[in-house]
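Structural characterization, general
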Amino acid sequence: MGNGVQEHQAMPLTQGEVLPVPSASQAETLKPQTRSVVNSLLSGALAGALAKTAVAPLDRTKIIFQVSSARFSAKEAYRLIYRTYLKDGFLSLWRGNSATMVRVIPYAAIQFCAHEQYKRLLGGYYGFQGKALPPVPRLLAGSLAGTTAAMLTYPLDMVRARMAVTPKEMYSNIVHVFERISREEGLKTLYRGFTPTILGVIPYAGLSFYTYETLKKIHAERSGRLQPYSYERLAFGACAGLIGQSASYPLDVVRRRMQTAGVTGHTYGTIQGTMREIVAEEGVVRGLYKGLSMNWVKGPIAVGISFTTFDLTQILLKKLYQLRYNNR
């Protein structure tokens, strides 16, 4: 038996007869969820773009040290930045940032949107819909969001790493990087370093989102204010970035070495082999944690900007929608 709607649709229309138009309430039933997804995507894209652009020179410098055997120090990092500026100009400090934007905009959009959806799904499953999740689901939502985004955008991260460590004469643009890697090293190279990336993003994204959400929850309970001030959001995000990046940093170094092996003369093939070679040549701290002190500067800044921008953009979009709705 069909339902009433199906029976009505199956009957031919007589001349002058029209199908009933859905009421305004029926038309609006799917809009809140769709609007939430679109808002999350837009807010996440803006958050990622602003955060990464702000720290791009530091990020590029960190990658150069990560993929080389040169000893890292704050003085050497400064010298590298200064030499790059003298040789290639101020904008060269942002070399590879176009590739970063191509990657980070979809990555951040997917990650933040996925996090909101995973929170909703896990909240419904655990009976905490609309409320702060318990600790384990809170950690799980962040890890799943980061994993989802990394899986969908990984080749763009590979391209960005190549552009960051090579002279501009080697790769003229993003498309050129894809073409040369595919032709000279094979398509599989675009996924070199994928495993350590996923293994690293699970604790990184999980702990970052977990820390930020937890600090907001504690703040709301103790201050009585549901919405923190902007500077408080920045501080919460900085703490989240510091904890998340410190936990996953060795895998980040391994990932960069594997991604850039084709242009640095190394033959890194596996996670264990890459780790062993790094430790044998440079030691544990100077090798696997090379550039971490710079990450302690740029990481909190980037994550703080990212989380704060996402939250404030979400609030702004909701206010704009409410204003538009009220003016109808």
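This structure is a prediction, so every number in the text was calculated from the model and none was measured. (Residues numbered from 1 in each chain as written. Predicted model: local features only at pLDDT ≥ 70, side-chain atom pairs only at ≥ 80, totals over all residues. Heavy atoms only, no water.)

1. A short note on the pattern of salt bridges
- Tallying each qualifying case throughout the model produces 18 salt bridges.
- Across the pair E76 and R79 runs a salt bridge whose closest N-O atoms are separated by 2.9 Å. In this pair, E76 and R79 are both assigned in helix 5 (residues 74-88), three residues apart and thus about one turn of the helix distant.
- Among the residues examined, E76 registers a relative accessible area of 28% and is labelled partly exposed.
- R192 serves as the salt-bridge partner of E185, at 4.0 Å between the closest nitrogen and oxygen.
- For E185, a relative accessible area of 27% translates into the label partly exposed. (Salt bridge = Lys/Arg side-chain N within 4 Å of Asp/Glu carboxyl O. Helix = DSSP H or I, 4+ residues; strand = E, 2+ residues; numbered from the N terminus. Buried < 20%, exposed > 50% of the residue type's maximum accessible area, 1.4 Å probe, protein only.)

2. Notes on the packing of helix 10 (residues 230-259) against helix 12 (residues 271-282)
- One way to put it is that helix 10 packs onto helix 12 with a least axis distance of 10 Å and a crossing angle of 100°. By the angle between their directions, the pair helix 10 and helix 12 is classed as roughly perpendicular. Residues L251, V253, V254, R257 and M258 of helix 10 form the contact with helix 12, whose participating residues are I271, T274, M275, I278 and E282.
- Taken together, the residues that form the contact of helix 10 with helix 12 break down as seven nonpolar, one polar and two charged. (Axes fitted to C-alpha atoms, helices over the stretch in contact; angles between N-to-C directions. Parallel < 35°, antiparallel > 145°, perpendicular 65-115°, else oblique. Contact = heavy atoms within 4.5 Å. Nonpolar A, V, L, I, M, F, W, Y, C, P; charged D, E, K, R; others polar.)

3. Topic: the confidence of the model for the chain
- Across the chain, the average pLDDT comes to 83, with 89% of residues at or above 70.
- Considering only residues more than four positions removed or in separate chains, one finds that residues 21-30, a stretch of pLDDT under 50, has two contacts. (pLDDT = per-residue confidence, 0-100.)

4. Some thoughts on the nonpolar core
- Y249, L251, V253, V254, M258, A261, Y268, I271, I278, L288 and L292 form the largest nonpolar core, which has 11 residues in total.
- Counting only elements with at least two residues in this core, the list comes to helix 10 and helix 12.
- Among the elements that make up this core, the one with the highest residue count is helix 10 (five residues).
- When sequence neighbours within four positions are dropped, the list of residues in contact with M258 reads R192, G193, P196, Y268, G269, T270, I271 and T274.
- A47, F236, A240 and F310 belong to the second-largest nonpolar core, a separate cluster that totals 10 residues. (Core = buried A, V, L, I, M, F, W, Y, C linked by side-chain atoms within 4.5 Å.)

5. Let's talk about helix 5
- With 15 residues, helix 5 should reach 21 Å at 1.5 Å per residue; the first-to-last C-alpha distance of 21 Å fits that figure.
- Contacts from the buried residues of helix 5 go to helix 4 (56-66) and helix 14 (292-326).
- Once helix 5 finishes, G89 follows within two positions and takes phi at roughly 95°, a positive value. (Expected span 1.5 Å × (residues − 1).)

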